[in-house]
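Chain and residue survey
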Amino acid sequence: MLQSKLFTKTIKELPKDETSFNARQLIRAGFIDKLAAGVYSFLPLGLLVHDKICRIIREEMDAIGGQEILMPALIPKESWAATNRWENFDALFRLIGGDKKEYGLGATHEEVVTPLVKKFIFSYKDLPAAVYQIQTKFRNELRAKAGLIRGREFSMKDLYSFHADEKDLNKFYEIVIKSYFKIFSRCGLGDLTYLTYALGGTFSKYSHEFQTLAKTGEDTIYLCKKCKIAVNKEIIEEQKVCPQCKKKDFVEEKAVEVGNIFKLGTRFSKPFGFSYMDEKGGKQDVIMGCYGLGPSRLMGTVVEVCHDEQGMIWPEEIAPFRVHLIEVRSKEAKVKKETEKLYNDLRKNGVEVLYDDRDEISAGEKFAEADLIGCPYRLVVSEKTLAKDSVEVKKRDKKEVEMVKISEVAKRITNNA
RNA sequence: CGGGGUGUGGCCUAGCUGGCUUAGGGCGUCUGGUUUGGGACCAGAAGAUCCUGGGUUCGAAUCCCAGCACCCCGACCA
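Since the structure is predicted, the reported quantities are computational estimates derived from the model, not experimental observations.

The next subject is the overall build of chain A. Scanning chain A from terminus to terminus reveals 12 helices and 23 strands. Projected onto its principal axes, the C-alpha coordinates of chain A cover approximately 80 × 60 × 45 Å. The buried share of chain A, reckoned over its 417 residues, is 53%. A fraction of 67% describes how many contacts in chain A between residues 6 or more apart in sequence connect residues 24 or more apart. Summed over all atoms, the accessible surface of chain A reaches about 20,100 Å², with 51% contributed by carbon and sulfur.

Under the domain assignment, chain A is made up of domain 1 (3–71 + 109–308) and domain 2 (323–415). Relative to domain 2, the C-alpha centre of domain 1 lies at a distance of 37 Å. If you look at the interface, domain 1 gives 10 residues, while domain 2 gives 11 residues. Ranking the residues of domain 1 by area buried against domain 2 places Gln3, Ser4 and Thr10 at the top, with a combined share of 53%. Taken together, the links from domain 1 to domain 2 amount to two salt bridges.

To continue, consider the packing of helix 1 (residues 21–28) against helix 8 (residues 295–305). Contact geometry for helix 1 and helix 8: axes closest at 8 Å, N-to-C directions at 95 degrees. Here helix 1 is positioned roughly perpendicular relative to helix 8, judged by the angle of their axes. On the side of helix 1, the interface is formed by Phe21, Asn22, Gln25 and Leu26, while helix 8 contributes Met299, Gly300, Val303 and Glu304. Looking at the contact of helix 1 with helix 8 residue by residue, the classes come out as four nonpolar, three polar and one charged.

Let us look at the packing of aromatic side chains. Applying the stated rule across the entire model yields 11 aromatic pairs. Measuring from centroid to centroid gives 5.8 Å for Phe172 and Tyr291, while their planes differ by 75 degrees, and the two rings are edge-to-face. Of this pair, Phe172 sits in helix 6 (residues 166–186) while Tyr291 sits in strand 16 (residues 287–293); the two residues are 119 residues apart in sequence, bridging distant segments of the chain. Ring centres 4.9 Å apart and planes at 85 degrees place the aromatic pair Tyr197 and Tyr206 in the edge-to-face group. Summarising the burial analysis for this pair, Tyr197 and Tyr206 share the class buried. The rings of Tyr180, Phe181, Phe184 and Phe210 are connected pair by pair, giving a single aromatic cluster.

Looking now at the protein's contact with RNA strand B. Taken together, the neighbourhood of RNA strand B is formed by 40 residues, with Lys16, Arg150, Asp371, Ser382 and Glu392 sitting nearest. Each atom of RNA strand B within 4 Å of the protein was assigned to sugar, phosphate or base; sugar and phosphate come to 46%. One of the side-chain nitrogen or oxygen atoms of Glu13 is found 2.9 Å away from a base nitrogen of RNA strand B. At a separation of 2.7 Å, a sugar or linking oxygen of RNA strand B approaches a polar side-chain atom of Thr19. At the level of secondary structure, the elements contributing two or more residues to the surface near RNA strand B comprise strand 1 (32–36), helix 10 (363–373), strand 21 (377–381) and helix 11 (383–387). Ranked by residue count, the leading element in the surface near RNA strand B is helix 10, at eight residues.

This next bit is on the packing of helix 2 (residues 44–63) against helix 8. As a packed pair, helix 2 and helix 8 sit with axes 9 Å apart at the nearest point and diverge in direction by 115 degrees. Of the two possible hands of crossing, helix 2 and helix 8 adopt the one that is right-handed. Facing Gly46, Val49, His50, Ile53, Cys54 and Ile57 of helix 2, the residues of helix 8 in contact are Pro295, Ser296, Leu298 and Met299. By residue class, the composition of the contact of helix 2 with helix 8 is seven nonpolar, three polar and no charged.

This part takes up the confidence of the model for chain A. On average, residues of chain A score 93 in pLDDT, and 99% of them reach the 70 mark or higher. The ipTM, which scores confidence in the relative placement of chains, is 0.91 for this predicted complex, and the corresponding pTM is 0.94.

Of all hydrophobic cores here, the largest spans 55 residues; its most connected members are Leu26, Phe31, Leu159, Tyr180, Tyr291, Met299 and Trp314. Broken down by secondary-structure element, the contributors of at least two residues to this core are helix 1, helix 2, strand 7 (129–138), helix 6, strand 13 (250–265), strand 16, helix 8 and helix 10. With eight residues, helix 6 is the largest single contributor of residues to this core. In this structure, this core is formed jointly by two domains, domain 1 (3–71 + 109–308) and domain 2 (323–415), each of which donates at least three residues. Beyond its immediate chain neighbours, meaning those up to four positions away, Phe31 contacts Leu26, Ser41, Phe42, Leu43, Leu45, Gly46, Val49, Met299, Met312, Trp314, Pro320 and Ile373.

Reading the values: the criteria
Residues numbered from 1 in each chain as written. Chains lettered and ligands numbered in written order. Predicted model: local features only at pLDDT ≥ 70, side-chain atom pairs only at ≥ 80, totals over all residues. Heavy atoms only, no water. Helix = DSSP H or I, 4+ residues; strand = E, 2+ residues; numbered from the N terminus. Buried < 20%, exposed > 50% of the residue type's maximum accessible area, 1.4 Å probe, protein only. Contact = heavy atoms within 4.5 Å. Areas by Shrake-Rupley, 256 points an atom, 1.4 Å probe, with all protein chains shown as cover. Domains from an automatic or database assignment. Buried area = accessible area lost by both parts, 1.4 Å probe. Salt bridge = Lys/Arg side-chain N within 4 Å of Asp/Glu carboxyl O. Axes fitted to C-alpha atoms, helices over the stretch in contact; angles between N-to-C directions. Parallel < 35°, antiparallel > 145°, perpendicular 65-115°, else oblique. Nonpolar A, V, L, I, M, F, W, Y, C, P; charged D, E, K, R; others polar. Phe/Tyr/Trp six-rings, centres within 6.5 Å; stacked < 30°, edge-to-face > 60°. Near = heavy atom within 4 Å. Polar contact = N/O pair within 3.5 Å; in protein donor to acceptor, adjacent residues only side chain to side chain. Left-handed = near helix turned anticlockwise from the far one by under 90°. pLDDT = per-residue confidence, 0-100. Core = buried A, V, L, I, M, F, W, Y, C linked by side-chain atoms within 4.5 Å.

Structure, rendered in structure tokens:
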């Protein structure tokens, strides 16, 4: 993309109505814009990151047999009433339609997905099944905070699985855990994210959270370094030992909850009468699991964790562009010509490039913006580099710069070196 | 929902013990010129319901009351 065509701009001052690092940086760099507390627009750069996270999630969900669907956000009161959540779900946005009909905006979708899947699944032969969606969720938080970490409107991937028995659910549940770790690794948070035991499973003793270590995190977890798993506050207050090694050798850490998975059992299949016929012709309740992961929150978490004083440092797979190509303005037409050529050449090689082709902007300003935006590779073309028939290559997370022959740049960048 | 803080051009802000404010500065924007490897420089210009409503006063951005919005701490978080 040509940066001269990008309608957003970066700003020098931090927004005063935000304190969280992720919101400040993302607003400053033109990735998002705030409309109201906990409600943000995604601008071109931010949407690119968000969509890349979603793409990774889709790939990993598809890989474990998840089938993507899209459910409505406008959910009639009757659906919620079936599980007594119309009255009991504090964070539900409730609204009234023109015909006085009441609706709740989708905060979670068990009440929709269960009757939906029930229409198609009747037999043990139809099980197991797993469906997921990526959709905007609404939660009427009493207090939105921390930028993208806790909004009132946010994106969420929710996967629901349906099984003939508990054993099959348990098997799939473990597969999802592995899949989630792949997702977090690909998003650059692999080393910082820990499976965390939490209460709240209606069918099993525990639910599980995925907690990413971050100094600015709102959660406190207790990490068992030996087992590489953690427990949350509820657990440590109840039993004070690691569920795995049964020792209480914990390190207290701040973290952000980036995912949460539950074994639901029959909690939703029972009220909706979702059962199946087993091999002997008997009627059995369907056993369910649900698995949440928020792309927008994940994006905010990455910013909290991956940055330096100059700006963001996007992990390669979710960066808005792989390369930020900077043309240092020159009186010699050659510089623009060569940079344009390189831009086209890189794109032909499948490299995503943000090309700072603006004529009026000083080199220093371009560098500062490149650091702020945080693409993994910065390429600089100038009279200086062209004198050596080269391009300057710098990785965002490294200090060193390297001169690379123009003819070899595309290879160098695509090779992941 | 309890407690605290903040609200001034698009952004960051000064002014806030009332009058010297025709609301000052910086960023950004526009015009002209100079610059050209780390958010450049000079000159000029445009751009403001001082959050909203009410009150006190000869006079309110400034004081009082009410409301709204945003941020932070706590509570809450299927």
